[in-house]
Amino acid sequence: QVRFVESGGGLAQAGGSLRLSCAASISMFSTRAIGWFRQALGKQRELVASVTGGGSTVYADSVKGRFTISRDNAKNMIDLQMNTLKPEDTAVYYCNTNPPWRDWTKGLEIWGQGTLVTVSS
């Protein structure tokens, strides 16, 4: 069964750091691009960072130089190190394949519960 379990969110002050982790239960994990996405209140979900199976990374301009995505293929884990946090980073953070995993029998994307990051000014 496809499953994503995110953890590590919480409250941080502006300028602080948090590290998010995600355990992914998916087939062929090591070959898939995996991303961290976020959704702020009242906004659409957006891709924050992504890493391919080979380790190539891409970042949204808004987090470039502050966030680092990494993966452990042996453990099916993806981390997101977030430094120099800003209030505008406040959102629920999700991990997923990139593009997001889709259950074609139901026509739905599969998402975890996410982890809430709140950055105070």
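Since we're looking at a predicted model, the values are computed, not measured. (Residues numbered from 1 in each chain as written. Predicted model: local features only at pLDDT ≥ 70, side-chain atom pairs only at ≥ 80, totals over all residues. Heavy atoms only, no water.)

Participant: Break down the pairing of strand β7 (residues 67-72) for me, citing the residues and quoting the values.
Facilitator: Along any regular strand the residues' side chains alternate between the sheet's two faces. Only one face of β7 is buried, namely the one carrying F67, I69 and R71, since none of T68, S70 and D72 on the opposite face is buried. Connecting the antiparallel pair β7 and strand β8 (residues 77-82) is a turn made up of 4 residues, with N76 showing a positive phi of about 55°. (Buried < 20%, exposed > 50% of the residue type's maximum accessible area, 1.4 Å probe, protein only. Helix = DSSP H or I, 4+ residues; strand = E, 2+ residues; numbered from the N terminus. Pairing = 2+ DSSP bridges.)

Participant: Give a detailed account of the pattern of salt bridges, specifying residues and quantitative values.
Facilitator: Scanning the model with the defined rule gives 6 salt bridges in all. A salt bridge links E109 to R102; the shortest N-O distance between them is 3.7 Å. Linked through salt bridges whose partners overlap, the residues forming this network are R38, E46, R66 and D89. (Salt bridge = Lys/Arg side-chain N within 4 Å of Asp/Glu carboxyl O.)

Participant: Would you mind going over the state of the cysteines in detail, with residue names and values included?
Facilitator: Using the criterion set out here, one finds 1 disulfide in the structure. With a sulfur-sulfur separation of 1.7 Å, C22 is cross-linked through a disulfide to C95. Here the residue C22 occupies a position in strand β3 (residues 18-25), and C95 occupies one in strand β9 (residues 91-97), the gap between them amounting to 73 residues. (Disulfide = S-S within 2.5 Å.)

Participant: I'd love a proper account of the packing of aromatic side chains, names of residues and values included.
Facilitator: If you walk through the whole model with that rule in mind, you get 2 aromatic pairs. Judged by centre distance (5.2 Å) and plane angle (85°), the rings of F37 and W111 are edge-to-face. Note that F37 is positioned in strand β4 (residues 34-39) and W111 in the loop between β11 (108-109) and β12 (115-120), a separation of 74 residues in sequence. Ring geometry for Y94 against W111: centres 5.7 Å apart, planes inclined by 75°, an arrangement best described as edge-to-face. Note that Y94 is positioned in strand β9 and W111 in the loop between β11 and β12, a separation of 17 residues in sequence. Judged by relative accessible area, which is 12%, Y94 ranks as buried. In this structure, R45 is placed above the aromatic ring of Y94, and the distance from its NZ or CZ to the ring centre is 4.6 Å. A cation sits over an aromatic face here: R71 above F29, 4.7 Å from the ring centre. (Phe/Tyr/Trp six-rings, centres within 6.5 Å; stacked < 30°, edge-to-face > 60°. Lys NZ or Arg CZ within 6 Å of the ring centre and 35° of its normal.)

Participant: Residues and numbers for the sheet that holds strand β5 (residues 46-51), please.
Facilitator: The pairing of strands in a sheet happens through backbone hydrogen bonds and is either parallel or antiparallel. Strands sit in the order β2-β12-β9-β4-β5-β6 across an open sheet of 6 strands; the sheet is mixed. What marks the edges here is a single partner per strand, and that holds for β2 (10-13) and β6 (57-59). Direction aside, the axes of adjacent strands within the sheet are offset by 25° on average. Across 5 bridges, β4 lies against β5 in antiparallel orientation. Bridge assignment links I34 to a residue of β5, and that residue is V51. (Axes fitted to C-alpha atoms, helices over the stretch in contact; angles between N-to-C directions.)

Keep in mind these values describe shape, not function.
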